[in-house]
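Letter by letter, the chains look like this.
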Amino acid sequence: MADTVNSLAARLHDVLVEFLTKGAPAVGTRGFHDVVARAAALGPDGMWLAAAGRASLGGLACAQGDAELTLLHLEAAVSGGYNDCVALHLPLMRPLHRDPRFQALYRRIRVTQADLDEFFWLHREIHTAIRDAQQATVDNIGRYDTGVSLLPQAPMPTREPNTPGVLITRIELAATQTALQQAAVKAEFQRSAGNTSLSLIDDTWDYAHARRDAWHADVLDTQRQRAAEARAFVERPGADTALAPCPPLGSIAYPG
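Presented here is a report on the structure given in the accompanying data block. Predicted model, so just to flag it, every value in this text is computed and none were measured.

**Quick word on the pattern of salt bridges**
Line of reasoning, step 1. Taken as a whole and assessed by the stated rule, the structure comprises 17 salt bridges.
Line of reasoning, step 2. Across the salt bridge formed by Arg224 and Asp139, the nearest N and O atoms sit 2.5 Å from each other. Taken together, the positions of Arg224 in helix H9 (residues 207–230) and Asp139 in helix H7 (residues 113–139) put the pair 85 residues apart, joining distant regions of the chain.
Line of reasoning, step 3. Judged by relative accessible area, which is 16%, Arg224 ranks as buried.
Line of reasoning, step 4. The network of salt bridges with common partners includes Asp115, Glu118, Arg159, Arg170 and Glu235.

Structure (structure tokens):
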């Protein structure tokens with residue numbers, strides 16, 4: 001079957017999920033290179049997907065301390081439409097801010113204020129999703145009931161972005177949500193199955209405790225769902241949609 005933009009976007013999502021769940025040593029970079037090659041074959045329509053793969057490869061190279069390879073991939077990413085200047089202020093990236101080549105690259109990037117607002121929201125939501133998943137893990141320790149709690153997720157923005165770079169970070173958020181959900185579901189089913197087994201073989205099983213835990217879990221699930229819905233992105237009325245230079249390098253505080 002021939003590749004399409006939608007099929008390759010789904011492929012990139014899956015590659016990111018595998019990377020997040022299994023780790024870089026186990027997964028390697030083959031999946032990202034595959035996305036870049038197949039996206040390039042789509043021509044102009046696939047440029048932003050090739051840029052997404054290159055940006056991911058740049059992040060991996062940066063994590064490994066290879067500044068030359070990082071700059072090589074980021075150069076290709078920016079040329080393909082990557083413009084997430086918020087991501088370029090991740091703590092991981094800040095050592096590169098002193099490099100004149102990175103500074104020149106950053107000055108080439110253009111973004112609209114409306115897209116910049118969403119970039120901030122997307123990165124803030126990535127951080128929030130991770131924090132909420134960690135808290136849910138703590139909350140579920142010692143639960144006696146056999147219910148399974150899922151992780152509520154804030155809805156993805158539906159506005160038409162001014163630049164395709166926003167689509168890249170949306171996929172990154174979606175992959176983070178999927179990876180966290182998969183980990184939570186696995187842990188919850190293991191806990192639930194263990195409690196089910198104990199309830200069948202242990203006459204001392206505390207059913208009253210289990211009912212209380214189930215009620216408490218339902219309350220927390222409802223609170224988390226409402227909080228996730230309340231975090232939905234709301235576009236600022238009048239936000240500028242004209243392309244402009246990014247905020248000065250070093251001026252952005254990464255959401256955290």
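There is more to say, and it comes next.
**A closer look at the packing of helix H4 (residues 47–63) against helix H5 (residues 67–79)**
Line of reasoning, step 1. Where H4 contacts H5, the axes come no closer than 8 Å and their chain directions differ by 160°. Overall, the two elements H4 and H5 adopt an arrangement that is roughly antiparallel. The chirality of how H4 crosses H5 is left-handed. Counted together, Met47, Ala51, Arg54, Ala55, Leu57, Gly58, Ala61 and Cys62 of H4 and Leu69, Thr70, His73, Ala76, Ala77 and Ser79 of H5 form the full contact between these two elements.
Line of reasoning, step 2. Taken together, the residues of the contact of H4 with H5 sort by class into nine nonpolar, four polar and one charged.

**Overview of the environment of Gln182**
Line of reasoning, step 1. Following the sequence through the fold, Gln182 ends up in helix H8 (residues 165–201).
Line of reasoning, step 2. Among the residues examined, Gln182 registers a relative accessible area of 43% and is labelled partly exposed.
Line of reasoning, step 3. On a C-alpha basis, the gap between Gln182 and Ala253 in space is 30 Å, while along the polypeptide they are 71 residues apart.

**Digging into the packing of aromatic side chains**
Given two aromatic rings, one states the distance between the centres and the angle between the planes to describe the pair.
Line of reasoning, step 1. Within the structure shown, the criterion is met by two aromatic pairs.
Line of reasoning, step 2. Between Phe19 and Phe32, the ring centres sit 6.2 Å apart and the planes meet at 70°, which makes this aromatic pair edge-to-face. Of this pair, Phe19 sits in helix H1 (residues 5–22) while Phe32 sits in helix H3 (residues 30–40), and the two are 13 residues apart along the sequence.
Line of reasoning, step 3. Their ring planes at 65° and their centres at 6.0 Å tell us that Trp121 and Phe233 sit as a pair that is edge-to-face. Of the two residues, Trp121 is situated in helix H7 and Phe233 in the loop between H9 and strand E2 (244–245); the sequence distance between them amounts to 112 residues. You'll find Trp121 and Phe233 in the same group, each marked buried.

**What about H4?**
Line of reasoning, step 1. In this model H4 runs 24 Å from its N-terminal to its C-terminal C-alpha over 17 residues, within 8% of the 24 Å that 1.5 Å per residue would give.
Line of reasoning, step 2. Note on H4: the residue one or two positions beyond its end, Gly65, has a positive phi of about 80°.

**Focus on the nonpolar core**
Line of reasoning, step 1. Within the largest apolar cluster, 50 residues are counted, with the highest numbers of intra-cluster contacts made by Leu12, Leu49 and Tyr82.
Line of reasoning, step 2. Where this core is concerned, the elements lending two or more residues are H1, H3, H4, H5, helix H6 (100–108), H7 and H8.
Line of reasoning, step 3. Here the element with the most residues in this core is H4; it accounts for nine residues.
Line of reasoning, step 4. The contact partners of Tyr82, leaving out residues within four places of it in the chain, are Ala51, Ala55, Ala77, Ala87, Leu88, Ile109 and Ile168.

The rules behind the values
- Residues numbered from 1 in each chain as written.
- Predicted model: local features only at pLDDT ≥ 70, side-chain atom pairs only at ≥ 80, totals over all residues.
- Heavy atoms only, no water.
- Salt bridge = Lys/Arg side-chain N within 4 Å of Asp/Glu carboxyl O.
- Helix = DSSP H or I, 4+ residues; strand = E, 2+ residues; numbered from the N terminus.
- Buried < 20%, exposed > 50% of the residue type's maximum accessible area, 1.4 Å probe, protein only.
- Axes fitted to C-alpha atoms, helices over the stretch in contact; angles between N-to-C directions.
- Parallel < 35°, antiparallel > 145°, perpendicular 65-115°, else oblique.
- Left-handed = near helix turned anticlockwise from the far one by under 90°.
- Contact = heavy atoms within 4.5 Å.
- Nonpolar A, V, L, I, M, F, W, Y, C, P; charged D, E, K, R; others polar.
- Phe/Tyr/Trp six-rings, centres within 6.5 Å; stacked < 30°, edge-to-face > 60°.
- Expected span 1.5 Å × (residues − 1).
- Core = buried A, V, L, I, M, F, W, Y, C linked by side-chain atoms within 4.5 Å.

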